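Chains, contacts and geometry: an overview
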Amino acid sequence: MTSHTEENYLKAIYKIAEKDKKPAGTNAIAKEMDTSAASVTDMLKRLSEKGLINYQKYKGVSLSTKGSKIATNLIRKHRLWESFLVKKLDFTWDKVHDIAEQMEHIKSEELVNRLDEFLGFPKFDPHGDPIPNADGKFTLRVQVLLSLLRKNDKAKVIGVKEHDNDFLRYLNSKNIQLGSELYIREKNDYDKSMIVEIDGEKVTLTEKVTKQIYVKKSA
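1. Some words on the sheet that holds strand S8 (residues 213-217)
In space, the six strands of this open sheet follow the order S3-S8-S4-S5-S6-S7, with antiparallel pairing throughout. What marks the edges here is a single partner per strand, and that holds for strand S3 (144-145) and strand S7 (201-205). Sheet topology places strand S4 (residues 154-160) next to strand S5 (residues 181-187); three bridges connect them, and they run antiparallel. Counterpart to Lys156 in the pairing with S5 is Glu181. The strands touched by helix H7 (residues 165-173) are S4, S7 and S8; relative to S4, the strand with the most contacts, the crossing angle is about 150°.

Here it is as structure tokens:
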């Protein structure tokens, strides 16, 4: 059995390695977990002893097959619970992360499988992130950052790179959500800001924002 803290570390290592495409460093893990490097080192030793990670000092950390399975299952549960909260309980996408953080540690495999079935086996969560299936397989799709689009391009919002609640509330204020149809009216060459049209309304977005929104370009 793994503790909630150990599971959170495994998920953090998974997320860092996925983002950086290389083994996770101690400092990166400490930042993700909001703790000290010394605490991370102690936990890594414990996880290594349990065979959940591959850890060599100064060479970074990667998950073992066993550790990867636990982390993927955590991600599956987290994203399914987020989907449930949004689809069935009418939570907004900026209010579900912290609740799902608690619910992802429920151990019942039967409950999770029934939840998946109840939701119709969703492939993506309310933030557009892929939900691994019961075998740990993710659904991949073609997506690009909004920042890469040009004037007169059209696209549909299919995900967000940044899950910060303040950022999601900002998007809410601009009437941007998953499924929103965007038309790029203008793109400023100087600061890369955009004027986009959403449901007939024009909105100005900075490059900082457009680099955090995933879209599917329309023909």
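2. Thoughts on the environment of Lys19
With respect to the helices and strands, Lys19 occurs in helix H1 (residues 4-20). A sequence separation of 183 residues divides Lys19 from Lys202, and the C-alpha atoms of the two residues are 33 Å apart.

3. Quick word on the packing of H1 against helix H4 (residues 65-87)
Each packed pair of helices is defined by two parameters, the angle between the axes and the distance between the axes. Running from amino to carboxyl end, H1 crosses H4 at an angle of 90°, the nearest separation of the two axes being 9 Å. Between H1 and H4, the angle falls in the class roughly perpendicular. For the pair formed by H1 and H4, the contact residues are Glu7, Leu10, Lys11 and Tyr14 on the first element and Gly67, Ser68, Ile70, Ala71, Thr72, Leu74, Ile75 and His78 on the second. Of the residues assigned to the contact of H1 with H4, the class counts are six nonpolar, four polar and two charged.

4. Some thoughts on the pattern of salt bridges
Under the criterion given, the structure shown has 16 salt bridges. Lys151 serves as the salt-bridge partner of Glu186, at 3.7 Å between the closest nitrogen and oxygen. Here Glu186 is found in strand S5, whereas its partner Lys151 is found in the loop between S3 and S4, with 35 residues between them in sequence. Salt-bridge contacts for Glu197 lead to Arg185; the nearest nitrogen and oxygen are separated by 2.5 Å. Pair noted here: Glu197 is in strand S6 (residues 194-198) and Arg185 is in strand S5, with a separation of 12 residues, a long-range link. You can call Arg185 partly exposed: its relative accessible area is 32%. What emerges from the salt-bridge pattern is a single network uniting Glu6, Arg46 and Lys50.

The rules behind the values
Residues numbered from 1 in each chain as written. Predicted model: local features only at pLDDT ≥ 70, side-chain atom pairs only at ≥ 80, totals over all residues. Heavy atoms only, no water. Pairing = 2+ DSSP bridges. Helix = DSSP H or I, 4+ residues; strand = E, 2+ residues; numbered from the N terminus. Contact = heavy atoms within 4.5 Å. Axes fitted to C-alpha atoms, helices over the stretch in contact; angles between N-to-C directions. Parallel < 35°, antiparallel > 145°, perpendicular 65-115°, else oblique. Nonpolar A, V, L, I, M, F, W, Y, C, P; charged D, E, K, R; others polar. Salt bridge = Lys/Arg side-chain N within 4 Å of Asp/Glu carboxyl O. Buried < 20%, exposed > 50% of the residue type's maximum accessible area, 1.4 Å probe, protein only.

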